[in-house]
Amino acid sequence: MLLHKTKQGQDALDHLKMFAGIPPPYDKKKQMMIAADLKVLCLKPTQKFAYLRCPAHEVGWKYQVVTVTLEEKRKEKATIHHQKKQLMRLWKQAEKNIEKKTDKFTEVLKTHSFLV
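Predicted model, so just to flag it, every value in this text is computed and none were measured.

(A) Region of the structure containing the pattern of salt bridges. Within the structure shown, the criterion is met by 2 salt bridges. Where Lys-7 meets Asp-11, a salt bridge forms, and the shortest distance between an N and an O atom there is 3.6 Å. You can see Lys-7 and its partner Asp-11 sitting in helix H1 (residues 7–15), 4 residues apart, about one turn around the helix. A relative accessible area of 59% means that Lys-7 is categorised as exposed. Taking relative accessible area as the criterion, Asp-11 reaches 30% and is therefore assigned partly exposed. Among the salt bridges present, the one from Glu-71 reaches Arg-74, with a minimum N-O distance of 2.5 Å. Of this pair, Glu-71 and Arg-74 both sit in helix H5 (residues 64–101), 3 residues apart, roughly one helical turn. Its relative accessible area of 33% is what places Glu-71 among the partly exposed residues. Residue class for Arg-74 comes out partly exposed when judged on its relative accessible area of 45%.

(B) A look at a nonpolar patch on the surface. A cluster of nonpolar side chains, contributed by Leu-2, Leu-16, Met-18, Leu-52 and Val-59, occupies part of the molecular surface with about 400 Å² of accessible area. Take Met-18: it is sitting in the loop between H1 and helix H2 (24–27). Judged by relative accessible area, which is 32%, Met-18 ranks as partly exposed.

(C) How the structure looks around a negative patch on the surface. Judged by side-chain charge, Glu-95, Glu-99, Asp-103 and Glu-107 come together as a negatively charged surface patch. Summarising the element assignment, Glu-107 is placed in helix H6 (residues 103–111). Owing to a relative accessible area of 48%, Glu-107 belongs among the partly exposed residues under this scheme.

Quick notes on the rules
- Residues numbered from 1 in each chain as written.
- Predicted model: local features only at pLDDT ≥ 70, side-chain atom pairs only at ≥ 80, totals over all residues.
- Heavy atoms only, no water.
- Salt bridge = Lys/Arg side-chain N within 4 Å of Asp/Glu carboxyl O.
- Helix = DSSP H or I, 4+ residues; strand = E, 2+ residues; numbered from the N terminus.
- Buried < 20%, exposed > 50% of the residue type's maximum accessible area, 1.4 Å probe, protein only.
- Patch = residues over 30% accessible without salt bridge, like charges linked within 9 Å, V, L, I, M, F, W, Y side chains within 5 Å.
- Areas by Shrake-Rupley, 256 points an atom, 1.4 Å probe, with all protein chains shown as cover.
- Lys, Arg positive; Asp, Glu negative; His and termini not counted.
- Charge placed at Lys NZ, Arg CZ, Asp CG, Glu CD.

Okay, here's the thing in structure tokens:
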């Protein structure tokens, strides 16, 4: 709990910055996973922790439902992206497998200048 009535608490609230999503200068940069900062590696199993939406709600932030819906949308997009990535990987593997079988035909087509 933040003591918002004291001078120190008011200063802390003034310096507190929370964003819904990724703010504009950072949303175009590549996102990386830092293994040393993972909750599983940093915290002991008995140690308490809080998600960011809990302290924000306690401070008076009213958009907790919005972030939950945005997070669900982000997860859906991530699964679609992952499925597309897997399909592309399978497509490339299929092209390699077919290339072995069609090598002699492509050579003939190249000699007759049908393929460049």
